[in-house]
Each structure stands twice: as C-alpha cells, then as structure tokens.
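# Remarks on the overall topology
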There are 2 protein chains.
Amino acid sequence: MSSNYEKDAKIFKALCDEKRLQILHLLKSGEKCACVLIDAMEIGQSSLSYHMKILCESGIVKSRQDGKWTHYRLSKSGSELAYNRLVDITTPNTDAKNNCC
Amino acid sequence: MSSNYEKDAKIFKALCDEKRLQILHLLKSGEKCACVLIDAMEIGQSSLSYHMKILCESGIVKSRQDGKWTHYRLSKSGSELAYNRLVDITTPNTDAKNNCC
DNA sequence: TATTCATATCGAAAAAAATTGATATGAGGT
DNA sequence: ACCTCATATCAATTTTTTTCGATATGAATA
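Residues numbered from 1 in each chain as written. Chains lettered and ligands numbered in written order. Predicted model: local features only at pLDDT ≥ 70, side-chain atom pairs only at ≥ 80, totals over all residues. Heavy atoms only, no water.

## Focus on the protein's contact with DNA strand C
In the vicinity of DNA strand C there are 19 residues, among which Lys19(A), Ser46(A), Tyr50(A), His51(A) and Gln45(B) approach most closely. Restricting the count to atoms of DNA strand C within 4 Å of the protein gives a sugar and phosphate share of 64%. Cys35(B) places a polar main-chain atom, nitrogen or oxygen, 3.0 Å from a phosphate oxygen of DNA strand C. Here a base nitrogen of DNA strand C sits 2.7 Å away from a polar atom, N or O, in the side chain of Gln45(B). Only helix 2 (18-28) and helix 4 (45-58) of chain A together with helix 3 (34-41), helix 4 (45-58) and strand 3 (69-74) of chain B provide two or more residues apiece to the surface near DNA strand C. Looking at the surface near DNA strand C element by element, the count peaks at five residues for helix 4 of chain A. (Near = heavy atom within 4 Å. Polar contact = N/O pair within 3.5 Å; in protein donor to acceptor, adjacent residues only side chain to side chain. Helix = DSSP H or I, 4+ residues; strand = E, 2+ residues; numbered from the N terminus.)

## Regarding the protein's contact with DNA strand D
Within the structure, DNA strand D sits among 19 residues, and Gln45(A), Ser46(A), Lys19(B), Tyr50(B) and His51(B) are positioned closest to it. Protein-proximal atoms of DNA strand D, defined as those within 4 Å of the protein, fall in sugar or phosphate at a share of 62%. Contacts to DNA strand D include Thr70(A), whose backbone N or O atom sits 3.2 Å from a phosphate oxygen. Contact between DNA strand D and Lys19(B): a phosphate oxygen at 2.4 Å from a side-chain N or O atom of the residue. Looking at the surface near DNA strand D, the elements with two or more residues in it are helix 3 (34-41), helix 4 and strand 3 (69-74) of chain A together with helix 2 (18-27) and helix 4 of chain B. In terms of residue class, the surface near DNA strand D is built from six nonpolar, eight polar and five charged. (Nonpolar A, V, L, I, M, F, W, Y, C, P; charged D, E, K, R; others polar.)

## Some remarks on the pairing of strand 2 (residues 61-66) of chain A
Bridge analysis of strand 2 of chain A against strand 3 of chain A gives six bridges, and the strand direction is antiparallel. Along strand 3 of chain A, the bridge assignment pairs Asp66(A) with Trp69(A). (Pairing = 2+ DSSP bridges.)

In structure tokens:
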C-alpha cells in the first residue's frame, strides 16, 4: 500500500514550488491553454513547459491537445490520489506505538 | 483564503523528498528520537537534523525536547492543515469557467 | 566545573532543480 | 510544398537543495 516514496515524492513535487502553485491557482477557474498561462505568469515559454510537465507527471493536471494548442486542467482523479496519499502518509498506525531511548 | 504560495510550498516541500517520506513513515508507528531515526535511515546526523527542520517547519511534524534528546512525532493539526490546503489548491471554482484561445 | 553525549548550526562541496536561448516537432493555413 | 504558429525538447548556465565534516550549544553526569 505505502512506501513507494519515489511516486509520492513526484506527486508532492508538483505542490512545493510557488510558480506551480500559481499555475494551479489559474487552473481553478477552468481549463487554460499554455499561451494564456505564459501571459498570466510572466514566465518563459520553455520554463512553463517544464513546469507543466512536472504538474502532469504528478497526475494533478491533465493535458488535452487541440490542434496546435495544449490545454491544461485540474484532474479530479489525480487530486484525489494526492489527497489519499497525503492522508496515508500522515496518519499514525493504530497499533504499536514503539518508542525509544 | 488562498494564494499564500510561499507557505503552501513550505508545507508540501516536506513531502517531495524520498528521505523525508521515509522519516514520516517511521513516525507513523509513534514518536521517535533523532538518534533512532539516524540509525534507521543510514544518514548523517547533520543531514537528519536538516530534514527534521524542514518537516517541523511544514507543521506536519512536531518536536519535543526531553533533556538532551529531541523527540519527533506526526502532528494531527499540521496534517489537517495540509489536507485543507491540498483540497483548496486542487478544487476547481464553482463559478465561471473562463477558457481561452 | 570538567566531561560526555545528543542535536543544531555553519561553511564548503556535491547534487538536483529551474531558467534561458536555441532548435525541433508537428498542426494549420497559404 | 512552404510558412507560420504553439509547444516540446535540448544544452548550457544559474539557482536552490542536499550532504558532509567541523564546530557550537546545551543538558546530564562524574
């Protein structure tokens, strides 16, 4: 169930950078294409593309191709997975509370 | 309500590193002192201290001083704040879905 | 109060992430 | 087929994070 640290790290990496949080905030109001995000963010095109890749790999954002445009949106299932992982990671075990020293 | 990106980034920074996820996993079974974590982790003492600082600053972990030992444990309130922030960050607005292009 | 032990902090080095400018890819329009 | 536009990818650089060894701090014990 737990202990795939690499995959979990990937999920939360999406959320530990201010620029990516800002992008997520923009996506709250609905799907946006890359060009709109670039304008809103004051960020280079390749830099945005880099951040979008990290966001998509986390599962929290999904992309959709429409001709030459790429549209990005929040993913409900990805967000729910993130939430479930967060709860799992931070919930103490019910059983033995082994202490030390 | 939202848009304190710096604070949010700090919360999720705790969760985007494999070593810190491993530490959190160890804390699931109950409070542990630094010495125990160092042994369990195969990590240098100063390196553990560095990670514990990040974990504590996120609010997800709390520390307790007991003589010369420092004990660390999962914080329920810190974890709940993280859940709330995650939900807020990843929930679309109910209102206008402004699109583009 | 001198010594020892646990942990924090510091400065330097190493490693990883982010930014930049250039180029590549691939879809549409001419 | 060619050109343009939107985005992805690449290589180099800059910035940030992490690690390491050394030293500092502060509590307990002799």
